[in-house]
Amino acid sequence: MRMHRRNATSAVRVGQYQDLSDAHGEPIAMTAAYVFTSAADAAARFSGAAPGNVYSRFTNPTVRAFEQRLAAMEGAEDCVAFASGMAAIAAIAHARLEAGCNLVCSRDVFGTTLSAFRSYFGKLGIDVRVVGLTRLDEWRTSIDERTRLVFLETPSNPVQHVADIGVVASIAHAAGALLVVDNTMLTPVFQKPLRFGADLVVHSAGKYIDGQGRTIGGAVLGAELLMDELRHVRRSLGSSLGVMNAWLLLKGIETLELRVEAANRSAGELASWATTQAKLGRVHYTGLPDHPQRSLVCRQQSGFGGVLSFEVGRSREDAWRWIDALELVSIATSIGDTRSMVTHPATTTHCRLSIEERRLAGISHRLVRLSVGLEHVDDLLADLEHALATLPAFDAKAQAFEPDLLPDTPWRSS
Ligand SMILES: Cc1ncc(COP(=O)(O)O)c(C=O)c1O
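Residues numbered from 1 in each chain as written. Predicted model: local features only at pLDDT ≥ 70, side-chain atom pairs only at ≥ 80, totals over all residues.

J.: Explain the overall build of the protein chain here, please?
T.: The helix and strand inventory of the protein chain stands at 15 helices and 12 strands. Principal axes of the C-alpha set define a box for the protein chain whose edges measure 80 × 50 × 40 Å. Expressed as a percentage of the 414 residues in the protein chain, the buried residues total 49%. A fraction of 75% describes how many contacts in the protein chain between residues 6 or more apart in sequence connect residues 24 or more apart. (Helix = DSSP H or I, 4+ residues; strand = E, 2+ residues; numbered from the N terminus. Buried ≥ 20, exposed ≤ 12 C-beta atoms within 10 Å, placed from the backbone. Contact = placed C-beta atoms within 7 Å.)

J.: Could you clarify how one ought to interpret the sheet that holds strand β4 (residues 147–153) in this entry?
T.: Sheet strands pair by backbone hydrogen bonding; their relative direction is either parallel or antiparallel. Taking strand neighbours across the sheet as the criterion, the seven strands line up as β1-β7-β6-β5-β4-β2-β3 in an open arrangement whose pairing is mixed. Bordering the open sheet on either side are β1 (78–82) and β3 (127–131), each of which pairs with just one other strand. Neighbouring strand axes in the sheet, compared pairwise and without regard to direction, differ in orientation by 20 degrees on average. Examined bridge by bridge, strand β2 (residues 102–106) and β3 share five bridges and lie parallel to one another. Across the sheet, residue V104 finds its bridge partner in β3, namely R129. The strands touched by helix α7 (residues 165–174) within the sheet are β4 and β5 (178–182), with β5 carrying the most contacts at an inclination of about 150 degrees. Strands β1, β6 (200–204) and β7 (218–222) of the sheet are contacted by helix α9 (residues 224–237), whose axis makes an angle of about 20 degrees with β1. (Pairing = 2+ DSSP bridges. Axes fitted to C-alpha atoms, helices over the stretch in contact; angles between N-to-C directions.)

J.: What exactly am I supposed to notice about α9 here?
T.: An α-helical turn contains 3.6 residues, so any two residues separated by three or four positions project in the same direction. Taking 1.5 Å as the rise per residue, α9 with 14 residues should run 20 Å; its terminal C-alpha atoms sit 20 Å apart, in good agreement. Among the residues of α9, L226, M227, L230, V233 and R234 are the ones counted as buried. Buried residues of α9 fall within an arc of 115 degrees about the axis and therefore sit on the same side. Exposed residues pointing more than 90 degrees away from the buried face of α9 are listed as E224, L225 and S236. On its buried face, α9 sits against β1, α4 (85–96), β6 and β7. (Expected span 1.5 Å × (residues − 1). Arc of directions from axis to C-beta.)

J.: Just to check I follow, could you spell out unusual backbone geometry for this structure?
T.: Among all residues save glycine, negative phi is the norm, and among peptide bonds the norm is trans. That bond from T154 to P155 is cis: its omega, -5 degrees, falls within 30 degrees of zero. Relative to the elements of secondary structure, P155 occurs in the loop between β4 and α7. At the junction of N157 and P158, the peptide bond is cis and its omega measures out at 10 degrees in the coordinates. One can find P158 in the loop between β4 and α7. The phi dihedral of Q160 is positive, around 60 degrees, even though this residue is not glycine. Summarising the element assignment, Q160 is placed in the loop between β4 and α7. Since 28 C-beta atoms lie within 10 Å of it, Q160 is described here as buried.

J.: Please explain the nonpolar core as it appears in this structure.
T.: Note that soluble globular proteins tend to have their nonpolar side chains buried in a common cluster. I92, V150 and V220 are the most contacted members of the largest nonpolar core, which totals 111 residues. Among the elements that make up this core, the one with the highest residue count is α4 (eight residues). Not counting residues up to four positions away in its chain, the partners in contact with I92 are L149, V180, L200, V220 and L230. (Core = buried A, V, L, I, M, F, W, Y, C linked by C-beta atoms within 7 Å.)

J.: Looking at this model, I keep getting lost on the site of the ligand. Mind explaining?
T.: Taken together, 14 residues form the shell around the ligand, and within it S84, G85, M86, F110 and S204 come nearest. Across the shell around the ligand, the residue classes tally to four nonpolar, eight polar and two charged. (Near = placed C-beta within 6 Å. Nonpolar A, V, L, I, M, F, W, Y, C, P; charged D, E, K, R; others polar.)

J.: Looking at this structure, I do not really get helix α5 (residues 111–121). What am I missing?
T.: Residues of α5 that are buried include every one of G111, T113, L114, F117 and F121, and no others. Contact partners of the buried residues in α5: α4, β2 and β3.

J.: What is the right way to look at the environment of G48 in this model?
T.: Tracing the sequence through the fold places G48 in the loop between α2 (39–47) and α3 (61–74). Residues G48 and L280, 232 residues apart in the sequence, show an inter-C-alpha distance of 59 Å.

J.: Just to check I follow, could you spell out the packing of α4 against α9 for this structure?
T.: Describing two packed helices takes the angle between their axes plus the distance from one axis to the other. Where α4 meets α9, the axes come as close as 9 Å, and the angle between the chain directions of the two elements is 105 degrees. When the interaxial angle is binned, α4 and α9 end up roughly perpendicular. Along the contact surface, α4 presents A91, I92, H94 and A95, while α9 presents E229, L230, V233, R234 and L237. Among the residues forming the contact of α4 with α9, the class breakdown is six nonpolar, one polar and two charged. (Parallel < 35°, antiparallel > 145°, perpendicular 65-115°, else oblique.)

J.: What exactly am I supposed to notice about the pairing of β1 here?
T.: Looking down a regular strand, the side chains alternate between one sheet face and the other. Burial of β1 is extensive: four of the five residues sit out of reach of the surface. Two elements, β1 and β7, share five bridges in a ladder whose sense is antiparallel. Considered in β7, the bridge of C79 is made with L221.

J.: Would you explain the packing of α4 against α5 in this entry?
T.: Where α4 contacts α5, the axes come no closer than 11 Å and their chain directions differ by 45 degrees. Put simply, α4 runs oblique to α5. Of the two possible hands of crossing, α4 and α5 adopt the one that is right-handed. The segment α4 lies against α5, with M86, I89, A90 and A93 engaging T112, T113, A116, F117 and F121. Looking at side-chain class alone, the contact of α4 with α5 contains seven nonpolar, two polar and no charged residues. (Left-handed = near helix turned anticlockwise from the far one by under 90°.)

J.: Looking at this structure, how should I read the sheet that holds strand β11 (residues 341–343)?
T.: Taking strand neighbours across the sheet as the criterion, the five strands line up as β8-β9-β12-β11-β10 in an open arrangement whose pairing is mixed. Strand pairing shows two members of the sheet lacking a second neighbour, β8 (280–284) and β10 (330–331), which therefore form its edges. Docked against the sheet, helix α11 (residues 256–275) engages β8, β9 (307–312) and β12 (367–371), running at close to 20 degrees with respect to β9.

What follows is the structure, given as structure tokens:
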């Protein structure tokens, strides 16, 4: 029997399980508790001496099916699912960090990742060090013998810088630290960080894995021993994935490959179009042939994903005007939905960064981010063009713009 299967097959077949009804679809194990055959069985399962479910904060069959399916796709030994991507990231930090150690994180990760590290782990005596994603010199000087975790997201969102996972992994490993890669953006369909030396992969599963904008969830993948640690954190801190959400993710993952390939094709077309538009400035998409890290992109990624960003007009007003003129694309801050979404990162997802941090991350007030969905690409193109026609004529590519010096948006909790 051939054991290695392709992703498309794993996505619909791994983790299949049945109840007594013979239903073809996986049942939703909507239960908090489980019945033991005897007091001795209860004691054995509680202590871990015997396998089996105990209580749904610890394990649940539907959650487990989702974990097995995602692990097969990511090529990981095992997976632990969480209530959200942030719960997954926090669990890694809880498992691995202690007072006096440090964590080294790339600057352009998802905004809340960095603010969570700083707000909730910084105050426990953990030094949070921030480096430029592509700056190997900064990774080398910041990672030392007190580093426990190295965290990065590649390609970065929204400006699509790419980290060399293999090189950062070897710097981390030489110091005895683990490398964590947030793979939400490309999914296992287009990038498998564990193959390049990452120790842990994180997903915000409500993005492409659900793919239909219905739920939130998170997952961490890696070696069995590390997953055991995370299962303990989840059991103790209660950041477990809900059963209904696990079932939605289990079904969402079945169409992951088809969806991300379609989004990848459309995003490529839209990015190429954007490079030809005089009213649009720089275009950021790893699929463009002139991406500054093209050879690394081709070595590390097997696709480019459905997210791109570009600068619109001359000012924030122009960017907002263009966004407001879109008729088909939704104004929403998530990614990976069947429906295309646009956002203005400087005033939404990245509003908690200081002006200097935004400048370093390349996020100007002219920048907009597009998460391309499954609408027909010609309709998307027509929408983007129609919105652009509302801006006066000028050549954004020929003109240099002052760095934006708008005041910082006050900190808000989310
Ligand atoms: C790349 C990335 N990582 C992590 C997260 C956090 O995930 P969640 O919203 O599921 O907590 C997000 C959320 O948008 C994200 O985009």
